[in-house]
Amino acid sequence: GGCAEEGGANVRIKVVRAEGLRNADVTGKSDGYVIVKVAKKEVGRTGVVRNTLDPTWSEAFIAKGVKPDSSGEVSVQFEVLDKDTFKSSKLGKAEVVLKKEQLADMEGEDATEYMLDIKKGKGVLVVEIAVLAMGAKKNKKSKKSKKTSAAKGGSGWRGGGSSSSSNSSNDRDGGDDDDENDDDERGTSSSSSEEEVVESSSSSSSSAESVSSSSGGDSDW
């Protein structure tokens, strides 16, 4: 969800259908359409479905760079209108308010359906809202970097944890020299540990096995 906060979220808004609209026409039935707004700015409008009080639109719009307002919310507004020859009559309006936390939780998930009461009119409006996944590859890369950092930190069991973590942070910037330094450090660490085993144990093979198994973990040496 962090990506959505920094550059704004891309929100997909689908106007599905309405049921039981107010009839604004003297002859026949309403010719309904919907204007979609995010933070009071128009994102798009559906086509007109003529002569019905239960229109189906199934039209989707994408609002890019959506950010919560100062109160941490995003307002998605729907204005339902009746298309007449010379002007449009208002059939009502509806609204979905999404909190900052909801935007983060909805990112990359399936669309959420809302059945909204139409205010200043009658009937209900059915919509679907989804927050599109952003920076999926970037997220995977950052997780991989963290995993690599943890692995290198584990090899520094002889007290080299701080230098190992600083080198791993440089690795994320793509420094080839740092990789070579890390290899040298690991080689030095392993060779010195083998010398200690030879000096401190009469049975070198069994001690080497115990050191190799413990060096991968978090034992207190």
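Let me begin by describing the structure that accompanies this report. Please read all numbers here as calculations on a predicted model, not as lab measurements. (Residues numbered from 1 in each chain as written. Predicted model: local features only at pLDDT ≥ 70, side-chain atom pairs only at ≥ 80, totals over all residues. Heavy atoms only, no water.)

Turning our attention to the environment of Thr 56. Looking at where Thr 56 falls in the secondary structure, it is placed in strand E4 (residues 56-66). Thr 56 sits in the partly exposed class, given a relative accessible area of 48%. C-alpha separation for the pair Thr 56 and Leu 125, spaced 69 residues apart in sequence, amounts to 9.9 Å. (Helix = DSSP H or I, 4+ residues; strand = E, 2+ residues; numbered from the N terminus. Buried < 20%, exposed > 50% of the residue type's maximum accessible area, 1.4 Å probe, protein only.)

On to the sheet that holds strand E3 (residues 41-45). Spatially, four strands are ordered E3-E2-E5-E6 in an open sheet, and the strand pairing comes out antiparallel. Each edge of the open sheet carries a strand with a single partner, namely E3 and strand E6 (88-99). Averaged over all pairs of adjacent strands, the angle between their axes in this sheet comes to 25 degrees, without regard to strand direction. In the sheet, strand E2 (residues 32-38) pairs with strand E5 (residues 73-83) via seven bridges, with the strands oriented antiparallel. Among the inter-strand pairings, Gly 32 is bridged to a residue of E5, identified as Asp 82. (Pairing = 2+ DSSP bridges. Axes fitted to C-alpha atoms, helices over the stretch in contact; angles between N-to-C directions.)

We now examine the pairing of strand E8 (residues 124-131). Among the eight residues of E8, seven are classified as buried, and the element is accordingly described as predominantly covered. By the bridge criterion, six bridges tie strand E7 (residues 112-117) to E8 in an arrangement that is antiparallel. Each bridged residue has a counterpart across the sheet, and for Tyr 114 the counterpart in E8 is Val 127.

Here Asn 51, not a glycine, exhibits a phi torsion of approximately 55 degrees, which is positive. If you trace the backbone, Asn 51 turns up in the loop between E3 and E4. The backbone phi angle of Ser 58 is positive, close to 50 degrees, even though this residue is not glycine. For Ser 58, the location among the structural elements is in strand E4. Judged by its relative accessible area of 41%, Ser 58 is partly exposed.

As a further point, take the pattern of salt bridges. For the structure shown, the criterion picks out five salt bridges. Across the pair Arg 50 and Asp 31 runs a salt bridge, and its minimum N-O distance is 3.6 Å. Placement of the pair is Arg 50 in the loop between E3 and E4 and Asp 31 in the loop between strand E1 (9-19) and E2, with a sequence separation of 19 residues. Exposure remark for Asp 31: the relative accessible area of 11% places this residue in the buried category. A salt bridge links Lys 99 to Glu 73, with the nearest nitrogen and oxygen atoms 2.9 Å apart. One end of the pair, Lys 99, is in strand E6; the other, Glu 73, is in strand E5, with 26 residues separating them in the sequence. A relative accessible area of 26% places Glu 73 in the partly exposed class. (Salt bridge = Lys/Arg side-chain N within 4 Å of Asp/Glu carboxyl O.)

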